[in-house]
Amino acid sequence: MDLETGLYQKQLKKESWKTVIILAYQSLGVVYGDLSTSPLYVYKSTFAEDIQHSETNEEIFGVLSFVFWTLTLVPLLKYVFIVLRADDNGEGGTFALYSLLCRHARVNSLPNCQVADEELYEYKKDNIGLAPNSSFGARLKSTLEKRRVLQRFLLVLALIGTCMVIGDGVLTPAISVFSAVSGLELSMSKEHHKYVEVPVACVILIGLFALQHYGTHRVGFLFAPVVLTWLLCISAIGIYNIVHWNPHVYQALSPYYMYKFLRKTQRGGWMSLGGILLCITGSEAMFADLGHFSQLSIQIAFTSLVYPSLVLAYMGQAAYLSKHHFVDSDNRVGFYVSVPDKLRSPVLVIAILAAVVGSQAIITGTFSIIKQCSALGCFPRVKIVHTSSKIHGQIYIPEINWTLMLLCLAVTVGFRDTKRMGNASGLAVITVMLVTTCLMSLVIVLCWHKNVFLAICFVFFFGTIEALYFTASLIKFLEGAWVPIALSFIFLIIMCVWHYGTLKKYEFDVQNKVSINWLLGLGPSLGIVRVRGIGLIHTELVSGIPAIFSHFVTNLPAFHQVLVFLCIKSVPVPHVRPEERFLVGHIGPREYRLYRCIVRYGYHDVHKDDMEFEKDLVCSIAEYIRSGKVEPSGAYDNAGKEDDKMTVVGTCSTHTDGIRLSEDDNDIKDSASTSEMREIRSPPVIHPRKRVRFIIPESPQIDRGAREELHELMEAREAGVAYIVGHSYVRAKQGSSMLKKLVINYGYEFLRRNSRAQAYALSVPHASTLEVGMLYHV
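All values derive from a computational prediction rather than experimental measurement. (Residues numbered from 1 in each chain as written. Predicted model: local features only at pLDDT ≥ 70, side-chain atom pairs only at ≥ 80, totals over all residues. Heavy atoms only, no water.)

### Brief notes about the pattern of salt bridges
If you walk through the whole model with that rule in mind, you get 18 salt bridges. Here Glu-579 ties to Arg-577 by a salt bridge, and the two come within 3.5 Å at their closest N and O atoms. Among the charged side chains, a network of salt bridges with common partners joins Arg-731, Glu-749, Arg-752 and Arg-753. (Salt bridge = Lys/Arg side-chain N within 4 Å of Asp/Glu carboxyl O.)

Take a look at the structure:
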């Protein structure tokens, strides 16, 4: 599989029903680990304090009715049948919805957008051009595009949902593992189990986070069997309890029991909804992990196995509890109480394994969403390690991993009970769902071009349900719900500060960029010594000459014989196809040997390492030269239309009938037969270096100027590549407000100093790096 493309799963989706069933089976371990372990703690959290289990069973039947209808309306109706359809070229999650809105309503906060980006295959340009059918939709689109405040609000809304997902990455492992381990309390005395429960949970959590750097692909084959075994186990126990204890428990599925429950319990019943809410934790994963599977496979897995298993499990617990009214409050109404005595030990083991699998899924999802935020300029640069060369999307972020582990241990040791953990987790989950509901309503109008009445119905129906649970969770602020709010607030501040600083820095670059006319005014020789090699100047600009270049030339009047202004940017699509990866163009006349190369990545794409990237970059420039698309000298007067002069060039793997780059003798045989290709060799050199050759087709013929240009590019490649990277110091302008000075001088500067350097994030070799310092006054 080509890791760069990430299209392997998409190709599998279309093959056969057999493939769909296989994907549905695999989704059990990745998507449903968290959702399937919710029976461990739902009833225990619900009956923790606000309501009591009485002899009339009205409370337990009312809770069962709430659980059933919540599972039916939110995961089944909302996510499986509606939200899953709002995919972004097969990808799901909060950022998928936001990227859809960015493209359809042009509310993207990234300032480096180009017209050429709309030509990308996954941009869905055919749909972008269509205006919403309703006049309201057209007015809404126009308002969003004109109002900068609304665009910022939309970004903050998406970031809030993202921050709550990160908070869930802290809380879900804690509550899942702790609830699974709590089964030990039935096999030992109260005095002993409280000293065993927390340490065992902490040891499991430490082991879970310590194994992250190995990647899930090494043990991933166990995930689906573990969750499948767990689902079959809770289904069998549920059926046994229904048949053995109360076969008429199915009557509690009637909505009438919800009314009886609220009528009897009143305020206590409303507050207990925060515990009932936990039955749908992990539902967002069905949408967030859509890119790894397919819509049909996730629908089949949930409707045919996960949903009925969960319903049977909750019904079984309710049937058992309806015949057992515990006076001892220590046992309460936990999951393990309803498990037959002889099965408790094996069920405990399976539950712990299932909790670990569910925790693994949310941790990996947290890594993925932070990578997306970083790609879109909303999170400081971090080290991203791809743990699998075959499976797309499996990444590991060391800094985030250890931060999550410390926070997770702090929550486990600090709370020591599922009640407060449940309050915290419930608020995080329902906030993400509310954000999804709000963004979906905009997608219905702006992207699906449906009537606004349909969007209003969607928001009113699901928003009312989720708002009810949200208020019930928020009222528990002092009893644990403050944790996700505090975590989300911290991460939101980090994201907003970083995004604001990055935006101001880019605006400074745009305002202080050097015009191409200035460059041309230096003359054909540029008045500067040209040394051998290729100089890659990293810049965020997609047009014009960055100020760092003039600063560099002023202090060191010499640079390489081939100079490339390299811009690596993310576009609001999940993937960019390899054949659309590079945009290449000349800066100035051909004899200057100055090029601009824009490398476009989607927010889910994998960035290649430096050696592969160098080869693709040189090959794309060579293919651009061979194509002969050179503008006349007069075309460079207007720098504002430089985007129109650039050519889309693919990577080496896409040049099946174009130019090839060979850097040793063995590559030629693999590239093409000598009857179809001919070589352009670099001249012999005295010192031994890697030989570089361009292998080009026999036809069409290449003109003399292009041949000379290719010769010089080969010589420069043999001499080596130097990376010229800006090292910026950002300060607020004099006269700026105190808040801006605080954000830029302290907040952004602190994050910049403690995040990965630009050269590291771009996989630039340190031995070939030249940093040029600049002071930015923004």
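Having put the structure on the table, let's press on.
### Things to note about the side chain of Glu-749
Its location among the elements puts Glu-749 in helix α27 (residues 738-753). Among the residues examined, Glu-749 registers a relative accessible area of 3% and is labelled buried. Only 2.5 Å separates the side chain of Glu-749 from the side chain of Arg-752, close enough to count as a polar contact. Contacts of Glu-749, omitting those with residues within four sequence positions, involve Tyr-729, Val-730, Arg-731 and Ile-744. (Helix = DSSP H or I, 4+ residues; strand = E, 2+ residues; numbered from the N terminus. Buried < 20%, exposed > 50% of the residue type's maximum accessible area, 1.4 Å probe, protein only. Polar contact = N/O pair within 3.5 Å; in protein donor to acceptor, adjacent residues only side chain to side chain. Contact = heavy atoms within 4.5 Å.)

### Here we look at the side chain of Glu-580
Relative to the assigned elements, Glu-580 resides in the loop between β4 (558-571) and β5 (582-586). The residues touching Glu-580, leaving out its near neighbours within four places in the chain, are Glu-119, Leu-120, Tyr-121, Arg-600 and Val-648.

### So, the packing of aromatic side chains
If you walk through the whole model with that rule in mind, you get 17 aromatic pairs. Centre to centre, the rings of Trp-245 and Tyr-320 are 5.6 Å apart; their planes meet at 85°, and the pair counts as edge-to-face. In this pair, Trp-245 sits in helix α11 (residues 223-245) while Tyr-320 sits in helix α16 (residues 295-321), placing the two residues 75 residues apart along the sequence. Overall, Tyr-320 belongs to the buried group, its relative accessible area being 12%. Ring centres 6.1 Å apart and planes at 35° place the aromatic pair Tyr-256 and Tyr-259 in the tilted group. Within this pair, Tyr-256 and its partner Tyr-259 are both found in helix α12 (residues 256-265), separated by 3 residues, close to a single helical turn. On the basis of relative accessible area, Tyr-256 is assigned to the partly exposed category, the value being 46%. (Phe/Tyr/Trp six-rings, centres within 6.5 Å; stacked < 30°, edge-to-face > 60°.)

### A closer look at a nonpolar patch on the surface
A grouping of Leu-474, Phe-477, Leu-478 and Trp-482 is seen on the molecular surface, where their side chains present a nonpolar patch of about 430 Å² in accessible area. By the secondary structure assignment, Leu-474 is in helix α20 (residues 452-474). Among the residues examined, Leu-474 registers a relative accessible area of 36% and is labelled partly exposed. (Patch = residues over 30% accessible without salt bridge, like charges linked within 9 Å, V, L, I, M, F, W, Y side chains within 5 Å. Areas by Shrake-Rupley, 256 points an atom, 1.4 Å probe, with all protein chains shown as cover.)

### So, the environment of Leu-583
Considering the arrangement of structural elements, one finds Leu-583 in strand β5. Using a relative accessible area of 1% as the deciding quantity, one classes Leu-583 as buried. Once residues lying within four places of it in the same chain are set aside, the contact partners of Leu-583 are Gln-114, Ala-116, Arg-596, Cys-597, Ile-598, Arg-600, Met-646, Thr-647 and Val-648.

### Things to note about the nonpolar core
Of all hydrophobic cores here, the largest spans 161 residues; its most connected members are Tyr-32, Tyr-43, Leu-64, Phe-302 and Tyr-314. Sorting elements by how many residues they give to this core places helix α9 (residues 148-181) first, with 17 residues. The contact partners of Tyr-314, leaving out residues within four places of it in the chain, are Ser-38, Pro-39, Val-42, Tyr-43, Leu-64, Val-67, Leu-71 and Cys-279. (Core = buried A, V, L, I, M, F, W, Y, C linked by side-chain atoms within 4.5 Å.)

### Here we look at helix α2 (residues 17-31)
Between its first and last C-alpha atoms α2 spans 20 Å; for 15 residues at 1.5 Å apiece the expected length is 21 Å, and the two agree. When we look at burial in α2, the residues that qualify are Thr-19, Val-20, Leu-23, Ala-24, Ser-27, Leu-28, Gly-29 and Val-31. (Expected span 1.5 Å × (residues − 1).)

### Observations concerning the environment of Thr-70
Of note, Thr-70 is situated in helix α5 (residues 58-81). Separated by 210 residues in sequence, Thr-70 and Ile-280 place their C-alpha atoms 7.5 Å apart. Every residue in contact with Thr-70, bar those within four places of it in the chain, is listed here: Pro-75, Ile-276, Cys-279, Ile-280 and Tyr-469.

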